[in-house]
Amino acid sequence: MDVLIEDEHYFGVDLGNSGVRLVELKQINTKPTLVTYGDIELPPGIMASDSPIDQTKVSETLKRLVADARVSTKNVVAGLQASKVFTSIVKMPQMTDPEIAQSIRYQADKFIPMPLEQVKLDFTKITQDKAAEEVDVLLVATPTVVANKYLNIFQQAGLELMALDINAIAQARAMVPATDIDVVMIDFTSLTTDIAIVSKGVTGLIRSINVGAKSLVRVTAQNLGLDEVQADQFVRKFGLTQTKLEGQVYRSMKPLLDNVVDEIKKSIDFFYQNGSGGKIEKVVITGGPSAIPEMPVFLANSLGLAVEIGNPWQKISYATEFTERLASMALSYSTATGLALRNMV
């Protein structure tokens, strides 16, 4: 869904499982510059609800955040989690974007497990070589009921939803330089781990698995006989350090994280078996669990790749007095920042 006009001013909104985050930027002297940002918590599970009452509560919370942050526009670009969309890589003959848009509707029913009249279709061309006879295209389908739910939330908040983007694409926009290298991007959310492969600046594979921060806390609570509040504290303090607490927290989380690593490897294999040339150079991680002690080291050792924690502020100009504050919030603002950067980088 996209009605965005290129020179329209807007801000980015990340409606997450546990809270709302927003970022507003302006182009000043050719550089995206931070205008304002803000976040507010949501009641657990409310974004999964289709109740009109719950949608109104989200709208009221969003409206309060926008007012508190003193956002200067009503125009919004919002993000969708990978678990809310269907994606597939489709091979097509070399053609223009308008030709792809027309042609892809005739192929989409082979890849989308819903009737086409119940989804909104979009695509991104993965193959950038104009001399190639065939191109890989990332097909994205958003269920209409999901798009309408978001539209309703923003309308009730008195805002104009200009576009729905995919979180993984927004995060890549913020954290992955537009270079020739291929990168795996991992977003640890409260409920899921979202995997994306960014090839030469283009997000070419997106998938989601049902292991998130809450899963790690829950399994730690069960194995160590703790309540979930204590388990959360243990995960944050001891993490994957094998020498702390006799490695009990590490051993509790490792089977789940091994599953995550296996799914990352499968995603890499699938992407390159599909005919996409290249090689993964590094992994960029974001989301709260990225800060778990030794998480980057665990992933680097398990995958045999360099792992770095993403910095969503790297393409943005801001006052130096905000440096420490923004650094402390980097893991939670990758989506909102990437949404705000749309059409700027």
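Note: the structure precedes this text.
Thresholds applied
- Residues numbered from 1 in each chain as written.
- Predicted model: local features only at pLDDT ≥ 70, side-chain atom pairs only at ≥ 80, totals over all residues.
- Heavy atoms only, no water.
- Helix = DSSP H or I, 4+ residues; strand = E, 2+ residues; numbered from the N terminus.
- Rg over C-alpha atoms; globule rule 2.2 N^0.38 Å.
- Buried < 20%, exposed > 50% of the residue type's maximum accessible area, 1.4 Å probe, protein only.
- Contact = heavy atoms within 4.5 Å.
- Areas by Shrake-Rupley, 256 points an atom, 1.4 Å probe, with all protein chains shown as cover.
- Lys, Arg positive; Asp, Glu negative; His and termini not counted.
- Charge placed at Lys NZ, Arg CZ, Asp CG, Glu CD.
- Expected span 1.5 Å × (residues − 1).
- Arc of directions from axis to C-beta.
- Phe/Tyr/Trp six-rings, centres within 6.5 Å; stacked < 30°, edge-to-face > 60°.
- Pairing = 2+ DSSP bridges.
- Axes fitted to C-alpha atoms, helices over the stretch in contact; angles between N-to-C directions.
- Parallel < 35°, antiparallel > 145°, perpendicular 65-115°, else oblique.
- Left-handed = near helix turned anticlockwise from the far one by under 90°.

Thoughts on the overall build of the protein chain
And step 1. Check the secondary structure of the protein chain and you find 10 helices and 13 strands.
And step 2. Computed over its C-alpha atoms, the radius of gyration of the protein chain comes to 20 Å, within 12% of the 20 Å expected for a compact globule of 345 residues.
And step 3. Considered along the principal axes of its C-alpha atoms, the protein chain spans approximately 60 × 50 × 45 Å.
And step 4. Counting over 345 residues, the protein chain shows a buried share of 54%.
And step 5. In the protein chain, of all internal contacts separated by at least 6 residues, the share reaching a separation of at least 24 is 67%.
And step 6. On the protein chain, roughly 16100 Å² of surface is accessible, and the fraction owed to carbon and sulfur atoms is 49%.
And step 7. The distance from the centre of the 33 positive side-chain charges to the centre of the 40 negative ones in the protein chain is 3 Å.

Observations concerning helix α3 (residues 144–156)
And step 1. Over its 13 residues, α3 runs 18 Å from end to end, which matches the ideal 18 Å to within 8%, given 1.5 Å per residue.
And step 2. Here α3 has its buried residues at V146, A147, K149, Y150, I153 and F154. The buried residues of α3 occupy an angular sector of 160 degrees when the element is viewed end-on, so they sit on one face. Among the exposed residues of α3, those oriented more than 90 degrees off its buried face are V145 and Q155.
And step 3. Taken together, the buried residues of α3 touch β1 (11–15), α1 (52–69), β4 (75–80), β6 (119–125), β7 (134–143) and β8 (160–166).

Concerning the packing of aromatic side chains
And step 1. Applying the stated rule across the entire model yields five aromatic pairs.
And step 2. With 6.5 Å between their ring centres and 75 degrees between their planes, Y250 and F298 make a pair best called edge-to-face. Of this pair, Y250 sits in helix α7 (residues 248–273) while F298 sits in helix α8 (residues 295–303), and the two are 48 residues apart along the sequence. Pair check on accessibility: Y250 and F298 agree, each one buried.
And step 3. Taking the centre distance of 5.7 Å and the plane angle of 35 degrees together, the rings of W313 and Y333 count as tilted. Here W313 is found in the loop between β13 (306–309) and α9 (323–328), whereas its partner Y333 is found in the loop between α9 and α10 (334–340), with 20 residues between them in sequence. Comparing W313 with Y333, the two get one shared label, buried.

Concerning the sheet that holds β6
And step 1. Sheet architecture is open: three strands sit in the order β5-β7-β6, paired in antiparallel fashion. The strands lining the two open edges of the sheet, one partner per strand, are β5 (86–93) and β6. Neighbour-to-neighbour, the strand axes of the sheet open up by a mean angle of 30 degrees, direction not taken into account.
And step 2. As defined by bridge partners, β6 adjoins β7 across seven bridges and the pair is classed as antiparallel. If you follow T124 over to β7, its bridge partner there is L138.
And step 3. Strands β5, β6 and β7 of the sheet are contacted by helix α2 (residues 97–107), whose axis makes an angle of about 130 degrees with β6.

Focus: the pairing of β7
And step 1. By the criterion of burial, β7 is predominantly enclosed, with nine of the 10 residues buried.
And step 2. Inspection of the sheet shows β5 paired to β7 by eight bridges, in the antiparallel sense. Note that in β7 the partner of V90 across the bridge is V137.

A closer look at the packing of α7 against α8
Angle between the axes and distance between the axes: these two values describe a pair of packed helices.
And step 1. It is the contact of α7 with α8, at a shortest axis distance of 11 Å, that shows an interaxial angle of 50 degrees. Taken together, α7 and α8 sit at an angle that is classed as oblique. Here α7 and α8 pass one another in a crossing that is right-handed. Contacts between α7 and α8 involve Y250, K254, L257, D258, V261, I264 and K265 from the former and M295, F298, L299, S302 and L303 from the latter.

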